[in-house]
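Okay, here's what each chain looks like letter by letter:
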Amino acid sequence: MSQSAERVDEQRPEDVDTSHAVPAPDPSNTPEQEVAIEQEFVDRVYERVDILREEAEGNRDAGYTHLRATVPGAQFERDVFVYRAARRIADLDSQHEGLVFGRLDFDDGRVRHVGRLGVRDEEYRPLLIDWRAPASAPFYRATAVDRQEVARRRVIRSFGRDVEEVSDDLLNEELADKLPVIGDGALMAALGRKRTGRMRDIVATIQSEQDAAIRAPGRGATVITGGPGTGKTVVALHRAAYLLYQDRSRYEAAGILVVGPSAVFMKYIGRVLPSLGEETAALYSLGELYAGVEATRQDRPDVAAVKGGTVMLPILRRLARQTPPGAPSELRITYLGEVLKLDAAELAAVRARVFEKEQRSNLAKTEAGRALLVALWRKVKPMLPEAEPAKFSRDLGSRSEFLTFLDHWWPDLDPADVLGWASDERRLASAGEGHLKHALIGAVAASFQETDFSIPDVALLDELRMILGIKPQQRQGDRIRSYGGVSEVSTTQDRYYDRAERQARDAFYEDYAHVIVDEAQDLSPMQWRMLGRRGRAAGWTIVGDEAQSSWPRPKESADARNRAVPRGRVYEFHLTKNYRNSKEVFEYAAAWAEPRLPVIDLPEAVRETGVAVEERTVAADALLPEVAGAVTEALEAVEGTVGIIAPYKRHAELSTVVHDDRVTLVGPLESKGLEWDAVIAADLDAVAKGHGPGVAYVVLTRATQRLVRIDTGPNGA
């Protein structure tokens, strides 16, 4: 199948007829009859998908029959043939559930079905429209005020290939006597579904304000704000899928980076893009953006505030200029019978002169050798007036003992080792003089003595990587092969398929076409600097809510963000509806947060459960049995997941109550972006005291149905 045949549904709706024939509507139809009508269409789509899959498998197998091709052009054609076929099979296989989820009936009688990918019938006419195509936009954007010629919007809910129910919105009241209208709408049904521990894609229930943000231009900066539960993360992930669909060659070639606050969060969202048919975006937590490191540990709030601040820049620069531990403190070498010596003070002066010319240590070794020879020449000149400087440099600079000394005195430095020097209070005090309060030196040094890196450490490692200098990599040879001195003909298509694996981009890759940052309000200035290096020429999507911030100095972080994000047009979107929390849960959280937060954005909760928030107070030593009882009650009350959110110091004892796969224990910082059907918030006052009221507000807004708050008091009262 040709590329144009597969993707014509990308054209604008006015350029191509995307409607298809279906039975004429009958307003007297029952819900069962309407389900049967949609089932007939869904069966037709799946039958067509099965045929397409068989064709793709045939194409792939046909390509494999040419494994022995020896002519360069034939080899290339074979590889492209197999690649395209395998890609098509993967696309079709990824849409295993809910392939068809929407239908639009227009004023003029046209019908358009919307789904996870575009499918054409045997005559190459549009049968199913990809949700990202412009022709699908009215499914999300049409309202009673701006109908966009849509008379009825229908959501189709399926399990596997079986249609379970349909739900309609009638937008053209004048056609009420001609169109059957079934159900109460899809959104509330989607919100009522149990949580499974992984975020679902909700392409069928994306609302108008979310859809506008999803379809914003890819260049420039798109800023998406909104209170808890407004679907900011969902929008960000669907935006990645939309950008890949709109300009696949650009965004697959250079890549899309999605960054979240924690490894728990990345696991939670990890299946959304694959379920939308996209496997190429790079997903990293802030603790994984340094190759070889997967940090999950959180620092104490006061230590994290130091490590994340721009105050660390001069400290790291000074640290990188210190003499490495174990470096020789004296150079003694003989030349023409004279013993030449540089003591510790002289070597320190030489080191300082080197950094005046090249500040990046790992790129300064040649300069270091030259500076040593200059210092030695100043020693030898009074002793041997007849000595020639050029000959002296050649003779001494090539001797093995000099080169060995240089290797030990000026070694290649690893950022992890240099950061480890800060575990020595004396070294840290020297590097932090004038920048770091004396009272914090011990706590910060102690944090670097841990056996693993913390999440804030990752940004420091990345900063040191730049401070120390990155040695140029050997350039790879041209991918166009030459045969007998004649280069094989190269086309744009050759370059598209003959490139390195997209998944091979490691954490240091810096040429992304688009960067998506979730929970952006929590990023420290040092983390913004790290992200800025990944997207120097990228478009950006920045998602967050200032009220939920854990960073104590928002202006410092905002300044760092402005420096990290390339200047260009800014598109701003504000989400106003809380789809996660019940009204009971969110009104409780809002009442707690409003007097404690200077700026707060309160969205409107769109549903009620009738279940009030429970408050309990127990003695400190009774917290464990109380939480255990609350977990048991929650497991009986909800079908989905239960989250326990507690201060980190309580995790050791509370881990004993996690005895069911549906139960998760997390710290307050890891709870960001996550949701559970029921939440037990333990010792909220300790969370607010340790991490600030913004993080405690996060804890109170994670529950979709039930929230139990258990506090501790001296007497349990």
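Computed from a predicted model, the values in this text were never measured in an experiment.

Concerning the packing of aromatic side chains
Counted under the stated rule, the structure contains nine aromatic pairs. When the ring of tyrosine 290 is compared with that of phenylalanine 508, the centres are 4.9 Å apart and the planes differ by 80 degrees; the resulting orientation is edge-to-face. In this pair, tyrosine 290 is assigned in the loop between strand S9 (282–285) and helix H11 (301–308) and phenylalanine 508 in the loop between helix H21 (492–497) and strand S14 (514–517), connecting sequence segments 218 residues apart. The exposure class assigned to phenylalanine 508 is partly exposed, which follows from its relative accessible area of 23%. Ring centres 6.3 Å apart and planes at 40 degrees place the aromatic pair tryptophan 528 and tryptophan 540 in the tilted group.

Section: a negative patch on the surface
Where like charges cluster on the molecular surface, the negative patch consists of Glu40, Asp43, Glu47, Asp162 and Glu164. Secondary structure elements with two or more residues in the negative patch: helix H2 (31–64) and strand S6 (162–170). Top contributing element to the negative patch by residue count: H2, with three residues. The exposure class assigned to aspartate 162 is partly exposed, which follows from its relative accessible area of 49%.

Describing helix H14 (residues 365–383)
For H14, with 19 residues, the first-to-last C-alpha span of 28 Å sits near the 27 Å given by 1.5 Å per residue. Here H14 has its buried residues at Glu367, Ala368, Gly369, Ala371, Leu372, Leu373, Ala375, Leu376, Trp377 and Val380. Taken together, the buried residues of H14 touch strand S10 (331–335), strand S11 (338–342), helix H13 (344–357), helix H15 (389–397) and helix H16 (400–409).

Section: the environment of histidine 514
Summarising the element assignment, histidine 514 is placed in strand S14. Between the alpha carbons of histidine 514 and arginine 250 there is a distance of 9.7 Å; along the sequence they are 264 residues apart. Once residues lying within four places of it in the same chain are set aside, the contact partners of histidine 514 are Gly218, Arg239, Leu243, Tyr251, Gly255, Ile256, Leu257, Ala538, Gly539, Trp540 and Thr541.

A few points about the packing of H14 against H15
Running from N to C, H14 and H15 point in directions that differ by 120 degrees, and their axes come no closer than 11 Å. In this view, H14 runs oblique relative to H15, as classed from their interaxial angle. H15 is crossed by H14, and the crossing has right-handed handedness. When H14 is examined against H15, the residues Leu373, Leu376, Trp377 and Val380 are found in contact with a partner set consisting of Pro389, Phe392, Ser393, Leu396 and Gly397.

What about H13?
If you check H13, its first and last C-alpha atoms are 21 Å apart, about what 14 residues at 1.5 Å a residue would give, namely 20 Å. Every buried residue belonging to H13 is among Leu347, Val350, Arg351, Val354 and Phe355, and all of these are buried. On an axial view of H13, the arc spanned by its buried residues comes to 140 degrees, and they lie on one face. Opposite the buried face of H13, at more than 90 degrees from it, the exposed residues are Ala345 and Glu356. On the buried face of H13, the contacting elements are helix H12 (312–321), S10, S11, H14 and H16. Here H13 starts with a cap whose side-chain oxygen sits 3.2 Å from the backbone nitrogen of alanine 345, and that cap is aspartate 343.

Here's the deal with the sheet that holds strand S4 (residues 126–130)
Taken together, six strands build an open sheet; the order of strands is S3-S4-S2-S1-S5-S6 and the sheet is mixed. Strand pairing shows two members of the sheet lacking a second neighbour, strand S3 (119–120) and S6, which therefore form its edges. Pairing of S3 with S4 involves two bridges; the strand directions are antiparallel. Within S4, the position partnered with valine 119 by the bridge is leucine 128.

Description of the pattern of salt bridges
Scanning all chains against the criterion turns up 53 salt bridges. Here arginine 248 and glutamate 252 are joined by a salt bridge, their closest N and O atoms 3.1 Å apart. Here arginine 248 pairs with glutamate 252, and both are found in helix H8 (residues 248–254), just four residues apart, close to one helical turn. Notably, a salt bridge pairs arginine 300 with aspartate 302, separated by 2.5 Å at the nearest N-O pair. A cluster of three or more residues bridged by salt bridges with shared partners is formed by Asp462, Glu463, Arg465, Glu510, Arg529, Arg533, Arg534 and Arg536.

Quick word on the sheet that holds strand S21 (residues 663–666)
Strand order in the open sheet formed by five strands is S19-S23-S22-S20-S21, with parallel pairing between adjacent strands. Edge positions in the open sheet fall to strand S19 (614–619) and S21, since each of these has one partner strand only. Strand-to-strand twist across the sheet, computed as the mean angle between neighbouring axes with direction ignored, equals 20 degrees. Where strand S20 (residues 642–645) lies against S21, four bridges are found, and the strand directions are parallel. Among the inter-strand pairings, isoleucine 645 is bridged to a residue of S21, identified as valine 666. Sheet contacts for helix H24 (residues 583–593): S19 and strand S23 (703–713); angle to S23, the most-contacted strand, approximately 40 degrees. This element, helix H27 (residues 684–691), spans strand S22 (676–682) and S23 of the sheet and lies at about 85 degrees to S23.

Notes on the confidence of the model for the protein
Taken residue by residue, the protein gives an average pLDDT of 84. The fraction at 70 or more is 82%. Confidence drops under pLDDT 50 across residues 1–15; counting only partners more than four residues distant or on other chains, this segment forms 30 contacts. Within the model, pLDDT remains below 50 along residues 474–503, and this stretch shows 37 contacts once partners closer than five positions in the same chain are excluded.

Reading the values: rules and limits
- Residues numbered from 1 in each chain as written.
- Predicted model: local features only at pLDDT ≥ 70, side-chain atom pairs only at ≥ 80, totals over all residues.
- Heavy atoms only, no water.
- Phe/Tyr/Trp six-rings, centres within 6.5 Å; stacked < 30°, edge-to-face > 60°.
- Helix = DSSP H or I, 4+ residues; strand = E, 2+ residues; numbered from the N terminus.
- Buried < 20%, exposed > 50% of the residue type's maximum accessible area, 1.4 Å probe, protein only.
- Patch = residues over 30% accessible without salt bridge, like charges linked within 9 Å, V, L, I, M, F, W, Y side chains within 5 Å.
- Areas by Shrake-Rupley, 256 points an atom, 1.4 Å probe, with all protein chains shown as cover.
- Salt bridge = Lys/Arg side-chain N within 4 Å of Asp/Glu carboxyl O.
- Lys, Arg positive; Asp, Glu negative; His and termini not counted.
- Charge placed at Lys NZ, Arg CZ, Asp CG, Glu CD.
- Expected span 1.5 Å × (residues − 1).
- Contact = heavy atoms within 4.5 Å.
- Axes fitted to C-alpha atoms, helices over the stretch in contact; angles between N-to-C directions.
- Parallel < 35°, antiparallel > 145°, perpendicular 65-115°, else oblique.
- Left-handed = near helix turned anticlockwise from the far one by under 90°.
- Arc of directions from axis to C-beta.
- Polar contact = N/O pair within 3.5 Å; in protein donor to acceptor, adjacent residues only side chain to side chain.
- Pairing = 2+ DSSP bridges.
- pLDDT = per-residue confidence, 0-100.

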